[in-house]
Amino acid sequence: MRVAVGEDGRGGGALRVLTEDGVADGPVHRVPDLVAAVAERERDGAPRWVWPSTARLYPRLLRAGVRVARCHDLELVESLLLGHAGRYGEPRSVRAAWARLRGEPVPPDRPPREEAAQASLFDDDRERDAAGDDIEQVVAVHAAQRRAIAELDGFALLAAAESAGALVAAELTHDGLPWSADEHDALLTEMLGPRPSGGLRPRRLQDLADRINAAFGPRTHVNPDSPTQILKAFAAAGLPVPSTRAHVLKRLDHPAVPLLLEYKELARLHTAHGWAWLDTWVGGGRFRPEYVVGGVVSGRWATSGGGALQIPRVLRRAVVADPGWSLVVADAAQLEPRVLAALAGDRAFADAAAHGDLYAALSDAFRDSGEVSARDKAKIGLLSAMYGGGTGEAVQFLAVLKSRFPAAFEYVEAAARAGESGRLVRSRLGRTCPPPSAGWRELTSAGDDDGPAEPGRGTAAQALRSRGRFTRNFVVQATAADWALALLGSLRRRLTALDEPRLVFFQHDEVVVHTPEAQAEDVADAIRAAAEEARLLLFGDTPARFPMEIAIVDRYSDAK
DNA sequence: TGGGCCGGCGCG
DNA sequence: AAAGCGCGCCGGCCCA
């Protein structure tokens, strides 16, 4: 059973029962307390909730202690359908979708900030009504989406997985990642010195900054945070460099270099994940980042604050399970090459990807050269195939891959050719890459491959290759995201059955579950089962496997 | 002073 | 050793 939901902007709303196809199957029920109404229906029957936006509605339900099993997120599905039709970036609200159905002018989406502010800003009923949902529109847009989905292979699963992902994302924010502010503070103090007052540099950073200045001599003054000033200082010292990136500096023989490298590393920790970050993002022993489902074209999630997907490895020491609880940390080993093996139906490759270390399994195709191990050659070759590299030694490694695994090789080559000719490519479940920009079409259609390039735009040949690399990678990265989303949905369902364990972190191909110690092994089993279910849902009987590396720990940093 | 771009680097 | 893909965030810096 499905139930359509519309909010009225005052805490109430409307519900309407639908058939699976989305046909209204009863009258509209107006309810004064939407949270209570959803809670009640979820208890007796757990329908699939059809609502405009999980990100807007579900946090309120969670705060009231209400969790739901399934939903259909109209805005996320609208985005997927628009993308499939090559119409990236068009408004995706229910209002906009309704207008498209009726051939009326399509209203633009409201920026997220305005949306967040809306609840508190309205001071009269008319404005509230304008911000609320029209249940008739909800029902009609859902029915149209169901019809469109039915025409597209894999899309029903994609819509369900994306919607389940939205539930997970809201729950991750609500539950939070266990985070020890004391451990974090101790780590910062160890590495940077005591917390400074005001906007001062921590002692260790100031000390390094002073020594860097001394290393450049008495007449030079540099702010180590300024790449421009560092470039000038090295040039003045007779060492012109193209940039101040760590790998460039490493090649220089100058006393400032080791100091600068250390400064950069510590300054990064201080500015990105220092005390200010701790104050802003950690409270009550939990880190609560905001995730953006569908925020990356490939279907990966983005974050809108807190940088949850860029937590430095050294900080994982601050992620500590509650007393009597454990963290179950699981990541999909070498997910992308395995996805390619399954996608391409490359028998030899999939067999190699059936067990254990994939790169090691492929390394018999290569020879150790002393400098580079056979395993590393296999890895470089694979990454080059998936990312579009192919300079230097990678060329030979690619050639070996091509002869050993022709189907996998051809799969990504075909995706690259599609991109270069301006066509769209899709993930296994149908998530579609954005079309090339008008500027790209203009630049590449003239046929002036090596004509004079306009400043800053590059040549047509560069643009073609760049688009080819993008679509080449898209098919693999987006299908890996399909798989991860399917795993997440399956795991969420299994954890609900275990009751207490909670998903607390998700990062592309890795999950962390916070669980009572006694249930840790059950959680590990649930993760393995979810990975297997995702494999079957996406690829059926492929011989490729997606092994999960699982660790049961008290601290995130103790996993691998 | 605030917006926007860029260099650089964290994560996968 | 870096590279080839996808992101977010910071400080510096330029401009209005």
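Residues numbered from 1 in each chain as written. Chains lettered and ligands numbered in written order. Predicted model: local features only at pLDDT ≥ 70, side-chain atom pairs only at ≥ 80, totals over all residues. Heavy atoms only, no water.

## Observations concerning the overall build of chain A
A count of helical and extended segments in chain A gives 23 helices and 14 strands. A compact globule built from 560 residues would reach a C-alpha radius of gyration of about 24 Å, and chain A, at 26 Å, matches this within 12%. Expressed along its principal axes, the backbone C-alpha trace of chain A runs to roughly 80 × 60 × 55 Å. For chain A, with 560 residues in total, the buried portion stands at 49%. Long-range contacts, defined here as pairs at least 24 residues apart, represent 63% of the contacts in chain A between residues at least 6 apart. Accessible surface, chain A: about 26100 Å² in total, of which carbon and sulfur atoms supply 51%. In chain A, 69 side chains carry a positive charge and 76 a negative one; their mean positions are 3 Å apart. (Helix = DSSP H or I, 4+ residues; strand = E, 2+ residues; numbered from the N terminus. Rg over C-alpha atoms; globule rule 2.2 N^0.38 Å. Buried < 20%, exposed > 50% of the residue type's maximum accessible area, 1.4 Å probe, protein only. Contact = heavy atoms within 4.5 Å. Areas by Shrake-Rupley, 256 points an atom, 1.4 Å probe, with all protein chains shown as cover. Lys, Arg positive; Asp, Glu negative; His and termini not counted. Charge placed at Lys NZ, Arg CZ, Asp CG, Glu CD.)

## Observations concerning the protein's contact with DNA strand B
Near DNA strand B lie 18 residues; those nearest to it are Thr244, Arg268, Gln310, Arg313 and Asp509. Here the atoms of DNA strand B within 4 Å of the protein split so that 74% fall in sugar or phosphate, with bases taking the remainder. Within the backbone of Ala246, one N or O atom sits 3.3 Å away from a phosphate oxygen of DNA strand B. Here a phosphate oxygen of DNA strand B sits 3.0 Å away from a polar atom, N or O, in the side chain of Lys264. Taken together, the residues of the surface near DNA strand B break down into five nonpolar, six polar and seven charged. (Near = heavy atom within 4 Å. Polar contact = N/O pair within 3.5 Å; in protein donor to acceptor, adjacent residues only side chain to side chain. Nonpolar A, V, L, I, M, F, W, Y, C, P; charged D, E, K, R; others polar.)

## So, the environment of Arg63
Summarising the element assignment, Arg63 is placed in helix 2 (residues 54-63). Using a relative accessible area of 62% as the deciding quantity, one classes Arg63 as exposed.

## Section: the domain arrangement of chain A
The domain architecture assigned to chain A consists of domain 1 (2-151), domain 2 (181-278), domain 3 (287-334 + 481-558) and domain 4 (336-477). Computed from C-alpha coordinates alone, the two centres of domain 1 and domain 3 are separated by 28 Å. Across the contact, six residues belong to domain 1 and four residues belong to domain 3. Taking both partners together, domain 1 and domain 3 bury about 370 Å²; carbon and sulfur atoms supply 38% of that area. If you sort the residues of domain 1 by the area they bury against domain 3, Arg67, Leu76 and Tyr88 come out on top, with a joint share of 72%. Applying the counting criterion to the domain 1 and domain 3 interface returns zero salt bridges. Of the residues in the side of domain 1 that touches domain 3, the class split is five nonpolar, no polar and one charged. (Domains from an automatic or database assignment. Buried area = accessible area lost by both parts, 1.4 Å probe. Salt bridge = Lys/Arg side-chain N within 4 Å of Asp/Glu carboxyl O.)

## Brief notes about the pairing of strand 12 (residues 502-506)
The buried fraction of strand 12 is high, at four of five residues. Turn length for the strand 12-strand 13 (residues 510-516) hairpin, with the two strands adjacent in sequence and antiparallel, is three residues, and the turn residue His508 shows positive phi of about 70°. (Pairing = 2+ DSSP bridges.)

## Comments concerning the protein's contact with DNA strand C
Near DNA strand C you find 26 residues, and of these Ser226, His247, Glu393, Arg469 and Phe470 are the closest. Sugar and phosphate atoms constitute 67% of the interface atoms of DNA strand C, taking the interface as everything within 4 Å of the protein. Measuring from a base nitrogen of DNA strand C, one finds a side-chain N or O atom of Arg268 at 3.4 Å. A distance of 3.0 Å separates a base nitrogen of DNA strand C from a polar atom in the side chain of Gln310. Going through the elements one at a time, helix 11 (227-236), helix 13 (256-273), strand 10 (302-303), helix 18 (374-387) and helix 22 (460-498) are the ones with two or more residues in the surface near DNA strand C.

## So, the environment of Arg313
With respect to the helices and strands, the residue Arg313 is situated in the loop between strand 10 and strand 11 (325-332). For Arg313, a relative accessible area of 56% puts it in the exposed group. For the pair Arg313 and Val5, spaced 308 residues apart in the sequence, the C-alpha separation amounts to 42 Å.

## A few points about the sheet that holds strand 6 (residues 177-178)
On the basis of which strands lie adjacent, the open sheet formed by three strands has the order 6-8-7 and antiparallel pairing. Of all strands in the sheet, those with a lone pairing partner are strand 6 and strand 7 (282-283), marking the two edges. Looking at chain direction, strand 6 and strand 8 (residues 286-287) are connected through two bridges and run antiparallel. When the sheet's bridge partners are listed, Pro178 is paired in strand 8 with Arg286.

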